[in-house]
Every structure is written in structure tokens, then in C-alpha cells.
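Chain by chain, the residues run as shown.
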Amino acid sequence: MKKIVAINCSPRSAWNTAVLVREAAKGAEGKGAEVTVIDLYKLEKFTGCVSCFGCKLPDNLGKCICRDGLAPVLEAIRNADGLIIGSPNYLGDMTAGFRALYERLIFQSLTYKTEFRSYNEKQIPVLMIMTSNASEDLYAQIGYDAMLQRYQGSLGTFVGPTKILISSDTLQVKDYSRYNWTMFDPEHKKQRHETVFPEDKKKALALGKEMVSNIRK
């Protein structure tokens with residue numbers, strides 16, 4: 001059976017990002033995969049890379065040796081046939097939790113050798129999901145396009161071929177009246193959540209199915 005790891009890197013376990021990650025997971029399950037869903041912010045304490053270089057020593061080449069809340073996640077990814085990972089956009093980048101996992105996931109495979117770049121010999125497909133309050137038509141202007149391309153490139157090199165799913169102009173809270181946010185139109189946000197977000201869910205579901213269908217074992 002094909003194994004998929006699906007990781008919600010949002011501190012909110014039932015909002016936009018979590019919903020899309022679980023929809024993609026549902027799609028993978030629908031194609032017969034065994035899916036492990038992880039809420040990153042519910043794990044035991046973890047950090048980003050601590051620059052110990054243990055993953056560069058002969059006994060642990062390509063394997064992070066830091067034993068914290070991310071250790072079982074990295075092991076699960078190592079044994080998986082596909083990875084679904086999602087994060088909201090915080091201040092122009094992914095969440096701190098995503099970044100911590102990303103550092104540990106990528107750096108362990110980086111060789112610092114001219115002969116070859118990666119210790120990871122098993123390439124697996126990746127679906128990276130990003131949700132954002134900003135409208136997609138602003139992405140190029142505010143640098144989101146370039147940021148996503150960088151992640152796609154590094155994940156593609158060190159983990160496997162990576163597809164990107166974005167859900168933009170998202171609903172941030174259920175009740176905007178509690179906040180004095182003058183730059184948002186609450187009715188627009190709610191209407192978009194009711195009409196566009198369901199389409200994003202369908203895309204996530206389809207991409208989860210596609211991931212499993214394209215895995216060759």
C-alpha cells in the first residue's frame with residue numbers, strides 16, 4: 001500500500017490550510033493510499049536546524065539526528081511515497097513551524113559536495129499548499145510568486161517533484177465585527193469563502209488522488 005504523509009503547518013487545526021490538507025489526504029485515501037495526517041503545532045517541542053552537522057557524518061549521512069518532536073515526522077516522510085504539506089502565509093512567508101520542518105527536511109539531504117547535491121536517493125511527489133489573505137493578483141507584486149518558486153525548486157531537488165496549490169483572499173475569522181479591520185470587506189470575504197474556497201477544496205482532493213495515481217512502485 002502506498003503511504004502518504006499529510007502535514008498541516010498551521011497553528012489552526014480546523015481552518016483554511018487544515019481543511020485543504022485534509023481534502024488532499026482524503027483524495028489520496030480515495031485512491032487506496034494509507035495517509036498519516038499530522039498537525040505540526042500539536043507535536044512535542046521542536047526547533048529548526050541547530051547546525052550540528054550530524055547529518056553530514058558517515059554514520060548518519062542524509063538523516064537528521066536531532067531527537068525532538070520533528071524526529072518521527074522526518075522518519076515518516078523518509079518512509080513515505082508522497083508528501084502533502086500546507087501552510088498559511090504569515091508576513092510574506094510560511095509559518096515558523098513550516099520553516100522549522102523545511103530546514104530539517106532539506107538540510108539533512110544537502111551534501112556540500114560538487115559531485116552530487118543530495119543524499120536523498122528516494123524521490124517522492126510533493127504537494128505544497130499555501131493559503132493567504134492576499135489576493136492572487138498581488139502575488140507577483142508582493143513577492144509571493146518568487147517565494148513559492150524557491151520552495152518548489154528546493155523541495156523538487158531534495159524531496160521530489162513538487163506541485164503548488166494556492167488558496168488566496170481567504171476568510172481569516174468567522175466574525176469580522178469583533179475587529180476594527182478597515183482594509184477588509186467582510187461580506188466579500190464570506191462570499192468568496194462560500195463560492196471559491198469549495199473549488200479550492202475540489203482542487204486539493206483531485207491533487208491528492210493524482211499524487212497516488214502517479215506513484216510507481
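Residues numbered from 1 in each chain as written. Predicted model: local features only at pLDDT ≥ 70, side-chain atom pairs only at ≥ 80, totals over all residues. Heavy atoms only, no water.

Some thoughts on helix H7 (residues 197-214)
Piece 1. Compared with an ideal rise of 1.5 Å per residue, which puts 18 residues at 26 Å, H7 spans 26 Å between its outermost C-alpha atoms and is within 8% of the ideal.
Piece 2. Among the residues making up H7, those that are buried are Phe197, Asp200, Ala204, Leu207, Gly208, Met211 and Val212. Taken around the axis of H7, the buried residues stretch over an arc of 130 degrees, which confines them to a single face.
Piece 3. In this structure, the buried residues of H7 make contact with strand E1 (3-8), helix H1 (16-30), strand E3 (82-88), strand E4 (126-131), strand E5 (162-167) and helix H6 (186-195). (Helix = DSSP H or I, 4+ residues; strand = E, 2+ residues; numbered from the N terminus. Expected span 1.5 Å × (residues − 1). Buried < 20%, exposed > 50% of the residue type's maximum accessible area, 1.4 Å probe, protein only. Arc of directions from axis to C-beta. Contact = heavy atoms within 4.5 Å.)

Side note on the packing of aromatic side chains
The relation between two aromatic rings is expressed through the spacing of the ring centres and the mutual angle of the planes.
Piece 1. In the structure shown here, the tally under the stated rule is 11 aromatic pairs.
Piece 2. Aromatic pair Tyr176 and Trp181: ring centres 5.8 Å apart, planes at 80 degrees, arrangement edge-to-face.
Piece 3. By way of ring pairs, the aromatic residues Tyr176, Tyr179, Trp181 and Phe184 are connected into one cluster.
Piece 4. The residue whose ring lies beneath Lys56 is Phe107, and the NZ or CZ to ring-centre distance is 4.1 Å. (Phe/Tyr/Trp six-rings, centres within 6.5 Å; stacked < 30°, edge-to-face > 60°. Lys NZ or Arg CZ within 6 Å of the ring centre and 35° of its normal.)

Topic: unusual backbone geometry
Piece 1. One non-glycine residue, Leu91, lies in the positive phi region at around 55 degrees.
Piece 2. Turning to its location among the elements, Leu91 is positioned in the loop between E3 and helix H3 (96-107).
Piece 3. With phi around 60 degrees, Tyr112 is a residue other than glycine that occupies positive phi space.
Piece 4. Among the secondary structure elements, Tyr112 is positioned in the loop between H3 and E4.
Piece 5. Take Tyr112: its relative accessible area is 59%, and that puts it in the exposed class.

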